[in-house]
Amino acid sequence: MGSMFRSEEMVLCQLFVQPEAAYISMYELGEAGIAQFRDLNPHVNDFQRRYVSEVRRCSEMERKLRYVGGELPEPPPPPKPSPTVLSPREINILEERIDYIESEIQEITRNAQNLKSDYLSLKELKLLIGKTQTFFQDHSHHRKISASVQVYNNEGVLGHLGFIAGVVATPRVPSFERMLWRISHGNIFFKQAQIDEPLKDPVTGHELQKTVFVVFFHGEQIKLRVKKVCHGFQATLYPCPATYKEQQEMLGGIESRIKDLEMVLEQTEQHRRLVLANIARDISTWMVAVRREKAIYHTLNMFSMDIVKKCLIAECWVPRSDLPILQKALDNGVKESGSPIPSILHHVPTCETPPTFNRGNKFTRGFQNLIDSYGIASYREVNPALYTMVTFPFLFAVMFGDVGHGLIMTAFAATIIILEKSLSKKKTDNEIWNIFFGGRYIILLMGIFSIYTGLIYNDMFSKSLNIFGSSWRNVYDNETLTRSKMLELDPAVAYTQTPYPFGLDPAWQFASNNIIFLNSFKMKLSIIFGVIHMAFGVTMSVVNFNFFKRNYMIYLQYIPQILFLLLLFWYLCILMFMKWTMYSAVSTDPAYGTSCAPSVLIIFINMMLLKQSEVKPPCHQYMYEGQEGLQKTFLAVAFLCIPIMLFGKPVYQMMAEKKKKQYQQGVEGGDVEKDPHDGGMGEVLITQAIHTIEYVLGTVSHTASYLRLWALSLAHAQLSAVLWQRVLRMGLGGGSPVNSLMLYVIFAVWAFFTLAILVLMEGLSAFLHTLRLHWVEFMSKFYEGQGYAFVPFSFAAILDREDDEAVQRNGSPPKQGETTA
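Here the residue numbers are simple positions, counted from 1 along each chain's written sequence. Local features in a predicted model are, by the rule used here, given only for residues with pLDDT of at least 70; side-chain atom pairs are given and counted only at 80 or more, and totals for whole chains, interfaces and linings are based on all residues. Excluding hydrogens and water, the side-chain figures rest on all heavy atoms present in the structure.

A.B. asks: Account for the overall build of the protein chain, naming residues and giving values.
C.D. replies: Every helix listed is a DSSP run of H or I at least four residues long, and every strand listed is a run of E at least two residues long, numbered separately from the N terminus. Looking only at helices and strands, the protein chain features 26 helices and 11 strands. Our radius of gyration looks at C-alpha atoms and nothing else; its globule reference is 2.2 Å times the residue count to the power 0.38. Against the 2.2 N^0.38 benchmark of 28 Å for 821 residues, the protein chain shows a C-alpha radius of gyration of 42 Å, more extended than a compact globule. Dimensions of the protein chain, computed from C-alpha atoms along their principal axes, come out at roughly 130 × 100 × 50 Å. With a 1.4 Å probe rolled over the protein chains alone, any residue whose accessible area is under 20% of its type maximum counts as buried; one over 50% counts as exposed, and the rest are partly exposed. Sorting the 821 residues of the protein chain into buried and exposed places 42% on the buried side. Contact criterion: two residues are considered in contact whenever any of their non-hydrogen atoms come within 4.5 Å of each other. In the protein chain, the proportion of contacts linking residues at least 24 apart, taken out of those at least 6 apart, comes to 81%. The Shrake-Rupley method, run with a 1.4 Å probe sphere, supplies the accessible areas, and residue values consider only the shown protein chains as cover. When the accessible area of the protein chain is evaluated, it comes to approximately 45100 Å², of which 59% is carbon and sulfur surface. Put simply, the protein chain has 78 plus and 77 minus side-chain charges, and the middle of one group is 3 Å from the middle of the other. A residue counts as positive if it is Lys or Arg and as negative if it is Asp or Glu; His and the chain ends are not included. Throughout, a charge is located at the NZ atom of Lys, the CZ atom of Arg, the CG atom of Asp or the CD atom of Glu.

Put into structure tokens, the structure is as follows:
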């Protein structure tokens with residue numbers, strides 16, 4: 001948990017590795033994922049680097065595996081674990097095998113396509129002959145066709161006409177017929193018949209709608225024109241006999257060839273399936289091995305080469321706690337390669353800011369992502385994610401407090417967590433689902449906290465739970481209740497003077513001033529939680545000041561800020577507690593009765609404006625003795641903190657700079673050159689003035705911003721009450737059979753709106769408001785967020801990232817090999 005409190009300490013290491021030991025060492029570092037390498041060749045073109053040929057070879061193997069993977073009928077099994085690194089000889093054998101497999105699959109596919117093309121041609125010819133028999137059925141009687149031809153060609157014998165038969169795509173038939181008519185000036189006779197059975201394209205496998213046609217013409221010139229039009233419309237021409245006997249003889253030969261082709265196609269497809277099945281067992285493992293090899297050589301290209309010592313030089317950021325793992329990886333590389341020269345690990349002192357690395361797990365990752373979305377923490381500054389794991393679901397639950405809705409959210413998150421192993425293996429480009437799955441533990445805690453606050457509010461689907469009975473009793477008889485529609489309960493008589501054990505008393509569910517009471521209660525709670533949350537954020541800055549050896553900031557910034565916040569707004573919270581405890585409906589002193597209970601907001605406003613409240617006897621002007629003097633003292637001290645915040649840090653820095661210059665002049669005995677990039681005292685004053693104004697005004701606006709806790713909580717409760725009273729209550733209003741049947745429909749409507757509006761929409765709204773309270777109101781008090789993330793060389797991260805990119809690019813889970821090159 002120390003890494004969650006503050007990012008881990010990073011060390012800049014310089015590695016001197018022999019080329020023969022580099023591959024094995026990088027393999028182990030890729031498995032461990034502990035080192036972020038720096039590019040020592042920033043100005044060298046990618047095609048001029050040392051291992052560019054190896055990277056190209058891996059890219060080519062990856063391309064071939066993508067092609068083979070695309071031919072698989074279904075996704076292959078997951079890769080087998082490979083604890084050992086592949087040797088160069090094994091990589092060469094794998095490359096040769098991938099080449100052979102690709103060529104074999106290409107040859108099988110090419111042969112299958114040729115066979116399918118022949119099969120398609122025979123099917124089309126068979127269908128064409130069957131259709132053309134109807135075209136020639138009147139030939140012996142010289143009826144329809146002969147009469148039509150005589151009209152156009154002044155001939156009475158059909159045998160003098162030539163004809164062309166073929167097949168064309170059905171959508172092109174109208175244009176095809178018009179073009180034939182135009183080029184022949186009407187001197188053709190066109191017959192067509194659509195093929196009812198859809199045919200399959202031999203390349204794509206898509207269904208094709210084709211139409212058989214026969215064009216009758218007279219003369220060789222028209223014949224050439226007709227063939228050109230057929231070629232332009234991609235029509236397939238087939239030889240077709242004109243007599244019935246010849247057609248039957250051709251049909252017999254075609255059917256025999258079709259049967260032979262079907263048998264050959266079945267055997268070819270069976271052989272193809274067998275080959276692909278054998279490949280599918282290992283293709284995932286091969287792809288992982290190729291990706292790893294490519295990543296290793298890509299990282300080795302970031303190393304520089306010492307020509308004199310003939311070794312590779314690398315620089316990388318490594319967490320200090322992982323230095324033994326780095327040293328072990330280097331030693332294993334030397335041992336496995338048999339190199340006589342050991343690899344050297346050297347720590348490089350640097351003034352460069354290291355990357356930020358917070359080591360977490362699947363539970364903390366979601367909360368850390370919320371913080372990183374605002375900004376990566378500066379190196380070694382306090383990480384807000386540790387506290388967000390508690391404050392985020394709690395503030396969400398204050399706005400979403402309902403036992404029923406919390407149970408729905410908890411059940412949803414618990415189901416995802418139980419099935420997370422199987423769900424994590426399914427890659428999808430559905431962004432909403434990925435957000436839900438990534439934040440499953442956040443949703444679980446939000447649901448659990450919502451159940452807790454729902455019990456505090458005593459609210460379950462807008463109904464109260466009578467768990468411990470009630471501290472109020474009914475003092476009226478049945479006759480009084482019948483005559484009077486609205487009765488008030490006197491606390492002195494109806495209240496048992498024993499507080500309800502946990503949460504709100506269920507009697508408030510039926511009170512006429514229920515909303516007024518909850519308004520006041522939730523509004524004051526929001527202010528109290530907000531001030532505590534902000535005070536905690538301001539206090540967290542002390543941890544940063546102490547760690548970075550800036551103790552003067554504790555006196556010049558933290559103490560004035562916390563005094564300004566507490567003396568004004570925590571005092572407002574104290575007045576709320578005093579009002580709750582001092583004034584009561586059963587008080588014997590009328591000055592402390594409910595009629596004399598002052599408005600805390602009016603007291604605070606009068607305090608800021610130095611005004612006095614006007615009250616009537618027997619009420620007191622102040623809540624306690626000495627209140628006016630104490631409030632003026634608090635106000636004076638709070639306003640005195642402003643100039644300290646404004647001028648304290650600039651004056652201290654000016655004195656420290658002056659002292660530093662005097663020391664340098666004493667040591668060097670001369671003038672000290674001024675830094676041209678130094679903005680001087682004016683820039684420091686302007687920056688500090690901006691921060692001071694932002695804090696002073698932000699304290700007021702941020703305190704008011706926490707009222708969103710009250711507003712959303714009230715809106716959530718009222719929406720739930722509306723759904724109960726206006727929807728579900730209608731189904732519970734009668735006992736007739738019709739009402740019992742209507743209850744199913746009404747309950748479905750109520751359940752739909754409960755899930756869609758109250759759980760999803762209201763939950764999203766409460767989530768966003770909670771996120772804003774943490775980013776703006778809480779984290780702005782101490783969090784800089786000016787760092788950059790630690791991105792180590794890790795095989796697991798590289799493989800996951802490539803799979804995610806493939807899913808986003810293709811819009812579906814990738815087949816094996818569909819990854820980025």
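A.B. asks: Which residues make up the pattern of salt bridges, and what values go with them?
C.D. replies: Think of it this way: side chains of opposite charge can pair up when their charged atoms draw near. Salt bridge criterion: a side-chain nitrogen from Lys or Arg within 4 Å of a carboxyl oxygen from Asp or Glu. In the structure shown here, the tally under the stated rule is 21 salt bridges. Note that Glu 31 is salt-bridged to Arg 292, the shortest N-O span being 3.3 Å. Here Glu 31 is found in helix α2 (residues 19–32), whereas its partner Arg 292 is found in helix α9 (residues 283–300), with 261 residues between them in sequence. For Glu 31, a relative accessible area of 41% translates into the label partly exposed. Residue Glu 102 is joined to Arg 63 by a salt bridge in which the shortest nitrogen-to-oxygen separation is 3.3 Å. Highlighted residues: Glu 102 in helix α4 (residues 88–135) and Arg 63 in helix α3 (residues 52–71), separated in sequence by 39 residues. By relative accessible area, which is 9% here, Glu 102 ends up buried. Through salt bridges that share partners, Glu 8, Asp 322 and Arg 359 make up one connected network.

A.B. asks: Can you explain the packing of α4 against helix α8 (residues 244–280)? Please cite residues and give values.
C.D. replies: Helix axes are fitted only over the stretch in contact, all axes being lines through C-alpha atoms; the angle between N-to-C directions runs from 0 to 180 degrees. The geometry of α4 relative to α8 is characterised by a closest axis approach of 9 Å and an angle of 155 degrees between their N-to-C directions. Relative to α8, the element α4 is oriented roughly antiparallel. Remark: the crossing between α4 and α8 carries left-handed chirality. In terms of residue class, the contact of α4 with α8 is made up of 20 nonpolar, seven polar and nine charged. An angle counts as roughly parallel when it lies under 35 degrees, as roughly antiparallel when it exceeds 145, as roughly perpendicular when it falls between 65 and 115, and as oblique in every other case. Left-handed is the label given to a crossing in which the near helix is rotated counterclockwise from the far helix by less than a right angle, and right-handed is the label when the rotation is clockwise. Classification convention: Asp, Glu, Lys, Arg as charged; Ala, Val, Leu, Ile, Met, Phe, Trp, Tyr, Cys, Pro as nonpolar; all other residues, Gly among them, as polar.

A.B. asks: So what's going on with the environment of Ala 597? Which residues, and what values?
C.D. replies: Residue placement: Ala 597 occurs in the loop between α20 (552–582) and α21 (600–609). Residues Ala 597 and Phe 363, spaced 234 residues apart in sequence, show a C-alpha to C-alpha distance of 47 Å. Those residues in contact with Ala 597, other than ones at most four positions away along the chain, are Lys 579 and Tyr 583.

A.B. asks: I'd like a description of the packing of aromatic side chains, backed by residues and values.
C.D. replies: Between rings of Phe, Tyr and Trp, where Trp is taken as its six-membered ring, a pair exists when centres lie within 6.5 Å; planes separated by under 30 degrees are stacked, by over 60 edge-to-face, and by other angles tilted. Scanning the entire structure with this criterion turns up 40 aromatic pairs. Judged by centre distance (6.0 Å) and plane angle (55 degrees), the ring pair of Phe 363 and Phe 367 falls under tilted. Where Phe 461 meets Trp 750, the ring centres are 5.4 Å apart and the plane angle is 70 degrees; that geometry is what we call edge-to-face. With Phe 461 in the loop between α16 (440–457) and α17 (478–483) and Trp 750 in helix α25 (residues 737–778), this pair connects stretches of sequence that are 289 residues apart. Among the aromatic side chains, those forming a connected cluster through ring pairs are Tyr 27, Phe 37, Phe 303, Phe 793 and Phe 795.

A.B. asks: Just give me the short version of the confidence of the model for the protein chain, but keep the residues and values in it.
C.D. replies: Per-residue pLDDT for the protein chain averages 86, and the proportion of residues at 70 or more is 91%. Note that residues 138–159 has pLDDT below 50 and, in this model, 25 contacts with residues that lie over four places away or in other chains. Along the chain, pLDDT gives the predictor's confidence residue by residue, from 0 to 100. pLDDT under 50 marks residues 812–821. Its contacts with residues more than four places away, or in other chains, come to 43 contacts.

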